[in-house]
Amino acid sequence: MECLVRLQKRPKFIDLIEKFQLSGAYPVFFAILCTVSGLGNKYVYLPIISILGLSILFSVLFVRDTKVFITPIFMIYYALGTDTLKAYMDSNGEVLAAFDTDGFVGICILAAIIAIPVFLRFILDGSFAYAVKNRGITFWGIVALNIAIFLGGAFSKHWSPINLAYALTLVAGLDVFYLILSSIVRKADGNIIPYACIILVLTCLMIAAQAILLALRLHLDGMLIRVDQWTGRWILQREYLSRSWGISTIICASCSVGIPAAMYMARNERFPLFYYVSALIMWGVSILVNTRSAMIVGGVFLLAGIIIISFSGKNKKCNLIFSATLLVLLISGSILAYREMTETLTLDELFFNLYKFLRFDSVNDRITIFDAGLGDYLSAPIFGVGWDKGALSQ
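Residues numbered from 1 in each chain as written. Predicted model: local features only at pLDDT ≥ 70, side-chain atom pairs only at ≥ 80, totals over all residues. Heavy atoms only, no water.

**Q** I'm lost on the overall build of the chain in this one. Help?
**A** The helix and strand tally for the chain stands at 16 helices and 2 strands. Burial statistics for the chain: of 394 residues in total, 40% are counted as buried. Across the chain, contacts joining residues at least 24 apart in sequence account for 75% of those joining residues at least 6 apart. On the chain, roughly 22000 Å² of surface is accessible, and the fraction owed to carbon and sulfur atoms is 71%. (Helix = DSSP H or I, 4+ residues; strand = E, 2+ residues; numbered from the N terminus. Buried < 20%, exposed > 50% of the residue type's maximum accessible area, 1.4 Å probe, protein only. Contact = heavy atoms within 4.5 Å. Areas by Shrake-Rupley, 256 points an atom, 1.4 Å probe, with all protein chains shown as cover.)

**Q** Sorry, what's going on with the side chain of Lys 42 here?
**A** Here Lys 42 lies in helix α4 (residues 42-62). Look at Lys 42 and you get buried, because its relative accessible area is 13%. Non-local contacts of Lys 42, meaning those with residues more than four positions away in its chain, are made with Pro 47, Asp 83, Asp 100, Asp 102 and Gly 103.

**Q** Is there a simple way to explain helix α3 (residues 25-38) in this structure?
**A** Note: α-helices contain 3.6 residues per turn, so residues at a spacing of three or four share the same orientation. Along its 14 residues, α3 runs 20 Å from first to last C-alpha, staying within 8% of the 20 Å computed at 1.5 Å per residue. For α3, the set of buried residues is Tyr 26, Pro 27, Phe 30, Ala 31, Leu 33, Cys 34, Thr 35, Ser 37 and Gly 38. Tucked inside the fold, the buried residues of α3 contact α2 (12-21), α4, α5 (70-75) and α10 (192-220). (Expected span 1.5 Å × (residues − 1).)

**Q** Teacher, can you tell me more about the packing of helix α11 (residues 248-268) against helix α13 (residues 292-311) here?
**A** In a packed pair of helices, the relevant descriptors are the angle between the two axes and the axis-to-axis distance. Relative to each other, α11 and α13 sit at 0°, their axes nearing to 9 Å. What the angle tells us is that α11 and α13 run roughly parallel. Contacts from Thr 249, Cys 252, Ala 253, Ser 256, Ile 259, Pro 260, Met 263, Ala 266 and Arg 267 of α11 reach α13 at Ser 293, Ala 294, Gly 298, Phe 301, Leu 302, Gly 305, Ile 306, Ile 308 and Ile 309. Across the contact of α11 with α13, the residue classes break down as 12 nonpolar, 5 polar and 1 charged. (Axes fitted to C-alpha atoms, helices over the stretch in contact; angles between N-to-C directions. Parallel < 35°, antiparallel > 145°, perpendicular 65-115°, else oblique. Nonpolar A, V, L, I, M, F, W, Y, C, P; charged D, E, K, R; others polar.)

**Q** Sorry if this is basic, but what is going on with unusual backbone geometry here?
**A** Generally, phi is negative for residues other than glycine and the peptide bonds are trans, each holding for most cases. Phi is positive for Phe 271, close to 55°, though the residue is something other than glycine. Following the sequence through the fold, Phe 271 ends up in the loop between α11 and α12 (272-288). Using a relative accessible area of 55% as the deciding quantity, one classes Phe 271 as exposed.

**Q** Looking at this structure, I do not really get α11. What am I missing?
**A** For α11, which comprises 21 residues, the first-to-last C-alpha distance of 32 Å matches the rise-based estimate of 30 Å (1.5 Å per residue) to within 8%. The set of residues buried in α11 consists of Ser 248, Ile 251, Cys 252, Cys 255, Ser 256, Gly 258, Ile 259, Ala 261, Ala 262, Met 263, Met 265 and Ala 266. Tucked into the core, α11 has its buried residues touching α10, α12, α13 and α14 (316-342).

**Q** How do you make sense of a nonpolar patch on the surface when you look at a structure like this?
**A** Together, Phe 150, Phe 155, Leu 168, Ile 382 and Phe 383 line one region of the surface with nonpolar side chains, adding up to about 510 Å² of accessible area. As for its placement among the helices and strands, Leu 168 is situated in helix α9 (residues 161-187). With relative accessibility at 44%, the residue Leu 168 sits in the partly exposed group. (Patch = residues over 30% accessible without salt bridge, like charges linked within 9 Å, V, L, I, M, F, W, Y side chains within 5 Å. Salt bridge = Lys/Arg side-chain N within 4 Å of Asp/Glu carboxyl O.)

**Q** Can you help me understand the packing of aromatic side chains in this one?
**A** How two aromatic rings sit relative to each other is given by the distance of their centres and the angle of their planes. Tallying each qualifying case throughout the model produces 12 aromatic pairs. Centroid distance Phe 119 to Phe 128: 5.8 Å. Interplanar angle 65°. Geometry classified as edge-to-face. With a centroid separation of 5.0 Å and 85° between ring planes, the pair formed by Phe 139 and Trp 140 is classed as edge-to-face. Clustering of aromatic rings is evident, with ring pairs tying together Phe 20, Tyr 26, Phe 29 and Phe 30. The positively charged end of Lys 67 is found above the aromatic ring belonging to Tyr 195, 5.5 Å away from the centroid. (Phe/Tyr/Trp six-rings, centres within 6.5 Å; stacked < 30°, edge-to-face > 60°. Lys NZ or Arg CZ within 6 Å of the ring centre and 35° of its normal.)

**Q** So what exactly am I meant to see when it comes to the environment of Phe 177 here?
**A** Counting through the fold element by element, Phe 177 comes out in helix α9. Between the alpha carbons of Phe 177 and Ile 73 there is a distance of 9.4 Å; along the sequence they are 104 residues apart.

**Q** Please explain the pattern of salt bridges as it appears in this structure.
**A** In a structure, side chains of opposite charge can pair up when their charged atoms sit close to one another. Under the counting rule described, the total for this entry stands at 5 salt bridges. The partner of Glu 18 in a salt bridge is Arg 64, and the shortest N-O contact between them spans 3.6 Å. Of the two residues, Glu 18 sits in helix α2 while Arg 64 sits in the loop between α4 and α5, which places them 46 residues apart along the sequence. Here Arg 64 falls in the partly exposed class, since its relative accessible area comes to 45%. As a salt-bridge pair, Lys 42 and Asp 102 come within 3.7 Å of each other at their nearest N and O atoms. Pair noted here: Lys 42 is in helix α4 and Asp 102 is in helix α6 (residues 101-124), with a separation of 60 residues, a long-range link. Its relative accessible area of 52% is what places Asp 102 among the exposed residues. Linked by salt bridges that have partners in common, Lys 42, Asp 100 and Asp 102 make up one network.

**Q** Sorry, what's going on with the confidence of the model for the chain here?
**A** Detailed reading of the predicted coordinates is not advisable wherever pLDDT falls low. Looking at the chain as a whole, its pLDDT mean stands at 81, while 82% of the residues score no less than 70. Below pLDDT 50 for its whole length, residues 87-93 participates in 13 contacts with residues either more than four positions away or in separate chains. (pLDDT = per-residue confidence, 0-100.)

Structure representation (structure tokens):
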């Protein structure tokens, strides 16, 4: 701690950088760099992650307000680029196929350089100790989850060392997240919720920017849409829009979580139109990447949010106008699109194409998985069947 105190007796330019990191410009700067980094190979993502790492190290040494760490926690994952344009499905689920050896080693080294000082900061200032001693309902909830996950890995029906390894990895990740989040909340100045919502919205917009720019690049390369050799239909290459290290469901789930945050900000904060449009963009990502679960969950969040902010909150008049305008645009656009499409397609063909686009023809596969999952539970209701022996692996 004495080291930290000495470092915080600093010249004015250090104070200026601290003010920058605590301003709205810092997360925007971080998001822009992550967007560029996430679309590049090792010659792009390694230098940019290094720059972002230096900014995090500065925060560790000089920034007193811990909410500055929310920005890298939310965004840094999406700075990972890839050294191949292989789709997730093409790489057979092998995440390491996204990187060559030098790139992956560089990522591991940078991760250690960034993570170790952050942990030391929270340990030295007593935040981790406080998180452990502050045994509220959240603490005991984490403990209960740890016990449940460990028991599932150690005593599952199909026990194996890898099951235990999966369980311990999940427990470690859960505990680290809890400790870091508790530490940030303890030392943050002011109300942390609006700030966290803003960072989450920016993170989702960053994800959207990556997906849109990648779609444009693939389109220019002639790889965005392919023609099915059996049916002659055009098929969106959705797997390529999430890179080989990120399953489409993950990035769309992130955007769905961001919708309530955007609606929260649109309800009472300044610039409601920005947050309103941001929520629409987030849901649009799930349509672009064609992820059904995110379309449904995000759509429910979006509709509920629109109703709430249109009739309650400080900005309800503005939001009601936005909602009415959106409704008019949707109705008008739907009518025009219907007329345009029915000039070349019959009504049956139109609905058939929508059915195929939404991939409803594979719903039976999901029902089969759900049924198998229920069978897993009934066969081992206490400790489960094992982390690698569930319905998906069967």
